Amino acid sequence: MTDVLVIGTGVAGLSAALSAAEAGARVTVVTKAALTHTATDRAQGGMAAMTGSLPGGNPADSVRLHVQDTLVAGAGLCDPLVVHGVVRDSAAAVRDLTDHGVAFDHVAGPDSPWVQGLEAAHSISRILHAGGDATGHAIQEALSARAREMARGGHIRLREYTLVTDVIVVGDRVVGCTVRPVLHGGELGDEEFLPADHVVLATGGAGQLYPWTTNPQVATGDGIALALRAGAQVRDLEFFQFHPTAMAAPGSFLISEAVRGEGAVLRDQHGHRFMTDVDPRAELAPRDVVARAVFAARTASDDGAAYLDCSTIPVPPGLTRAEFLARRFPSIHAELTRRGIDWSTEWVPVSPAAHYLMGGIATDALGRTTVPGLWAAGECARTGMHGANRLASNSLLEATVLGRSIGELLAGPGEPADASPVALCNEPEPRVLDEATAHVQPRLADRNDPLLSTRPYSTGRAPSSTDSAGTEPFSRAGLQQAMWQGAGVFRTAEGLKRAKARLEGWLAASSSDEEDTAAAPGTLAEAEDRNLLTVGHALVCASLARTESRGAHQRVDHPATDPRLATSTAWIASGSAAPTPERTDHADSLSR
């Protein structure tokens, strides 16, 4: 029986775990927090899906249209084969979710057509919703309930509040992970080794790199940092999507893009609708375009504000605007009401906020990384689906399709085709991250090494909060400010170099005296800070290297898009001992 270890419990992780367990694999699921504390749970907008072949679907949509919209938004860096495969399998993904208990919204009862909304850069209404603006929560609750049911039956082993500290490589392939329990108050317990034939990273994104983010507190880049330490390639980390309409207030509460899809408009402090000056698609332009316009409007205003005006939303007969908004967007309505805002009449102050990382761990179309036995899915993975700018609501779709596919592959008959590390075709060899990350070494062992048993944690070091040789003292807030100023919505070489220097100072401090076990991360926050530093530094290096503007990566000093740079960029950690990738063709289908 195949042993599968899944790290992460959002839609990608649980889809992989459930499909593997249902096909007969022995599955362990690990998450550093509660089972439902994920980015999936916070997803408001919905799931894009080609539903023409399903009862109640949209017959006007097609695979060709959805693929075309995705490729246009991705600004030349999507992998067309991956996009086509995910979109083609979207109907199966919808059926799978409904089978697991997700109740997508219908117009007038279960036998009526689905409610399918329009969002930015989509040419047709294809966004499925559940609970109005609580789609992610509905998916998370349904999959979590199924996972707990399978755990009670002995088919899945769930380990909540367990932090994965490293992916362990023996010879040239993964053999499992080391983990530490998260104790009361965030303290970390002793390290334990969990063996596995295959490890699936589905840890989500890295929004906590920035002071303003729609991501949950757990989004600290853990999977990407684990992959780098294991010697895997990462790709396209410079492409971080900033959502244009987070509320300009502490917590960056998200105002879904679906609100603009219903007809809301953006205004500056004088009431001018500025998006009509920027793009013919106005508020429904791709997110990177809208985010930059909102940022510019805020910068140019006296009060530093831009606003979302919902008074332009058409209202069905028999309803007031307030009633319609409460019915269509119950979660947003409740939160704005709690904050004392009547959004049916008042403008809502909005700001860009870090939302989704398009880059991540490099995989092929099946989810295989460049290290045998290591797989990745969801936001932590760079599959080629999203390119330089994710099309709205494509992430839940990709995570469902690829998570489900990985689980089926790992539990299916025969050995998964991962005997050799893989890489995407026709793309440059990886660059090596600067020497500042030399301490990011893969955990290599032989099968008799004592680290493959329970022991106190003794490797790696948390960022120091004290001044060392003149280095600025580390703090999470300092890291976030450095990233926002240097690698935020608008970027320059000067700003990126300043950010890089600050991060490298902290990395140098954290990598010195590695034998001092007392300096190892003793808390969850310290371990997360180490991962954020690793991923943040890689993101800044990638942003400096891309001397053009493309998708979500906007270089003020290189404002044009360079056709010669329409290619993915890969990186590995300095000192990586991982095998050299063998180039393989994409699989024709994402399904078995």
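Up top you'll find the structure we're talking about.
Attention here is on the structure that accompanies the text. (Residues numbered from 1 in each chain as written. Predicted model: local features only at pLDDT ≥ 70, side-chain atom pairs only at ≥ 80, totals over all residues. Heavy atoms only, no water.)

## Here's the deal with the overall build of the chain
For the chain, the count of helices and strands is 15 helices and 23 strands. The long-range share in the chain, meaning contacts at least 24 apart out of those at least 6 apart in sequence, stands at 74%. For the chain, the accessible area works out to roughly 20,700 Å², and carbon and sulfur atoms hold 52% of it. (Helix = DSSP H or I, 4+ residues; strand = E, 2+ residues; numbered from the N terminus. Contact = heavy atoms within 4.5 Å. Areas by Shrake-Rupley, 256 points an atom, 1.4 Å probe, with all protein chains shown as cover.)

## Regarding the pattern of salt bridges
This structure, assessed with the given rule, holds 33 salt bridges. Among the salt bridges present, the one from Glu262 reaches Arg328, with a minimum N-O distance of 3.0 Å. Taken as a pair, Glu262 in the loop between helix H7 (257–261) and strand E13 (265–267) and Arg328 in helix H10 (residues 321–328) lie far apart in primary sequence, 66 residues in all. Ionic pairing is found between Asp309 and Arg267, a salt bridge with its closest N-O pair at 2.7 Å. One end of the pair, Asp309, is in strand E14 (residues 306–309); the other, Arg267, is in strand E13, and 42 residues separate them in sequence. Like Asp309, the residue Arg267 is buried in the burial classification. (Salt bridge = Lys/Arg side-chain N within 4 Å of Asp/Glu carboxyl O. Buried < 20%, exposed > 50% of the residue type's maximum accessible area, 1.4 Å probe, protein only.)

## A look at the pairing of strand E7 (residues 162–170)
Each regular strand carries side chains that alternate between the two faces of the sheet. Burial analysis of E7 places nine of its nine residues in the buried class, the great majority of the element. Judged from the eight bridges that link them, E7 and strand E8 (residues 173–181) form a sheet pairing that is antiparallel. Considered in E8, the bridge of Val169 is made with Val174. Joining the antiparallel neighbours E7 and E8 is a turn of two residues, in which Gly171 adopts a positive phi near 70°. (Pairing = 2+ DSSP bridges.)

## Side note on the nonpolar core
Ranked by size, the top nonpolar core spans 61 residues in total, and within it Val199, Leu201, Leu209, Tyr210, Ile224, Leu479 and Met483 carry the most contacts. Per-element accounting of this core gives the leading share, nine residues, to helix H15 (residues 524–545). Residues in contact with Val199, not counting those within four places in the same chain, are Leu5, Ile7, Val174, Gly176, Cys177, Gly373, Leu374 and Trp375. (Core = buried A, V, L, I, M, F, W, Y, C linked by side-chain atoms within 4.5 Å.)

## A closer look at the sheet that holds strand E4 (residues 116–117)
What the three strands build is an open sheet, ordered E3-E5-E4; its pairing is antiparallel. What marks the edges here is a single partner per strand, and that holds for strand E3 (47–48) and E4. One ladder, built from two bridges, connects E4 with strand E5 (residues 127–128); its direction is antiparallel. Note on E5: the bridge partner recorded for Gly117 is Ile127.

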